[in-house]
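Chain by chain, the residues:
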Amino acid sequence: MAGEWNVRELSMHILDLAQNSIAAGASLIEIDVIADKKSDSLKISIRDNGAGMSAEYVAQVRYPFTTSRTTRRVGLGIPMFAEAARECDGDLTLDSSPGEGTCLEAVFKLSHIDRAPMGDISSTLIALIAANPDIDIVYRHQSNSSEFMLDTRELRVQLDGVALNENAVLKWIAEYVADGLSDKSLAIDN
Amino acid sequence: MKTLEDLKKVREKALEQMKIREGKFSARVVVAMGTCGIAAGAREVMSAILDELDKRGVTDISVTQSGCKGLCEQEPTVDVIKDDQVVTYGYVDSDKARQIVGQHLVNGSIVDEWVVTATN
Ligand SMILES: Nc1ncnc2c1ncn2[C@@H]1O[C@H](COP(=O)(O)OP(=O)(O)OP(=O)(O)O)[C@@H](O)[C@H]1O
Ligand SMILES: [Mg+2]
């Protein structure tokens, strides 16, 4: 059954990989999406300040039977993302140290025919923020030398004590992201 | 173009919503966000729940997430916790999610058809 799971959008992988950071107790998750037409590459990285992993554990994490979960004997998030990158002439690297955090980075060939679309970044960010209002999220999106950035730490300053998951705030964030990413030069999917 | 300055107004609106619920949530909704849930569509379910609550102007229901609960086959799953009862719905999609908001969270009647497990 597990083999049938199919994560169709890169933004869904991002949501899934950020779950690992949340499970590791991160208070800050930094997500970078950097497309570069010249080098025909798309780099996606997720960095957190959570519990981290030992070097031995990191070495095994691509293997689905390496998981700290107890409800299921396989962990699929990282193996699936690694597979998606490898199918697109890319690769995944994982850097982690206990007590400091983790940085996972995948590179794809931007124009590769099998590269999944980015999909709905806004929904991914909203799902993360709505359910985890105390975690800070930094989303940095670069393409063709344009940039869009969302940093919840900056929003908090303006909100002065009001939580990020209030309906009115979430709605504003969704519009802000949609607005920011509507800039054509930031488009990654054709 | 939206600017961070707009948030000042948004903050005022949020403060009003907070005043109405007086610090009390009437129910909690939990969307399972393991890889199993996400691959099955948990993100769209979450979006639909947030949108439906917003459309109905409901501000006293908290929306959170859990990891994989071992119900991988039934994902996406959604728990509704109301009046000390936990009801787990399975095979939820955007459409069902909106109906769960309307029927269970707002009107208080469980949608039996989609229930996977429920405590008394
Ligand atoms: N950012 C991280 N910080 C700390 N540990 C991590 C991090 N990412 C992954 N891990 C560890 O690696 C394991 C494997 O991760 P992976 O995402 O592949 O599967 P999973 O999260 O266990 O299950 P699934 O993703 O299928 O729900 C996790 O169980 C966790 O122990
Ligand atoms: Mg995972």
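Residues numbered from 1 in each chain as written. Chains lettered and ligands numbered in written order. Predicted model: local features only at pLDDT ≥ 70, side-chain atom pairs only at ≥ 80, totals over all residues. Heavy atoms only, no water.

Colleague: Please explain the interface of chain B and chain A as it appears in this structure.
Modeller: Quoted interface sizes are often the accessible area lost when the parts come together. At the interface, 38 residues of chain B touch 43 residues of chain A. Here chain B and chain A share an interface that buries about 3500 Å² over both sides, 61% of which is from carbon and sulfur atoms. If you look at where chain B meets chain A, you find 5 salt bridges. In this structure, Lys171(A) and Asp54(B) form a salt bridge, with 3.2 Å as the shortest nitrogen-oxygen distance. At the surface where chain B touches chain A, the tally comes to 16 residue pairs in polar contact (both at pLDDT 80 or more). Mapped onto the side of chain B that touches chain A, the elements with two or more residues apiece are α1 (7-21), α2 (35-40), α3 (42-55) and β2 (61-66) of chain B. A per-element tally of the side of chain B that touches chain A places α1(B) first, with 10 residues. Of the residues in the side of chain B that touches chain A, the class split is 18 nonpolar, 9 polar and 11 charged. (Contact = heavy atoms within 4.5 Å. Buried area = accessible area lost by both parts, 1.4 Å probe. Salt bridge = Lys/Arg side-chain N within 4 Å of Asp/Glu carboxyl O. Polar contact = N/O pair within 3.5 Å; in protein donor to acceptor, adjacent residues only side chain to side chain. Helix = DSSP H or I, 4+ residues; strand = E, 2+ residues; numbered from the N terminus. Nonpolar A, V, L, I, M, F, W, Y, C, P; charged D, E, K, R; others polar.)

Colleague: What is the right way to read the pattern of salt bridges from this model?
Modeller: Two side chains bearing opposite charge may form a pair once their charged atoms approach each other closely. Residues and elements named next belong to chain B. Summed over the entire model, instances satisfying the criterion amount to 19 salt bridges over all chains. With its nearest N and O atoms 2.9 Å apart, the salt bridge here joins glutamate 52 to arginine 56. Taking the relative accessible area as the measure of exposure, arginine 56 reaches 43% and is therefore partly exposed. Look at the salt bridges and you will find they share partners, linking Asp51, Glu52, Lys55, Arg56 and Arg98 into a network. (Buried < 20%, exposed > 50% of the residue type's maximum accessible area, 1.4 Å probe, protein only.)

Colleague: Would you explain the sheet that holds strand β1 (residues 27-32) of chain B in this entry?
Modeller: Across a sheet, paired strands are connected by hydrogen bonds in the backbone, their directions being either parallel or antiparallel. Residue and element names in this part refer to chain B. Pairing is mixed across the open sheet formed by 5 strands, whose spatial order is β2-β1-β3-β4-β5. At either margin of the open sheet sits one strand with a lone partner, and together these are β2 and β5 (115-118). Taking each pair of neighbouring strands and ignoring which way they run, the sheet shows an average axis angle of 20 degrees. Note that strand β4 (residues 85-89) and β5 share 3 bridges and pair antiparallel. Looking at β5, one finds that tyrosine 89 is bridged to valine 115. (Pairing = 2+ DSSP bridges. Axes fitted to C-alpha atoms, helices over the stretch in contact; angles between N-to-C directions.)

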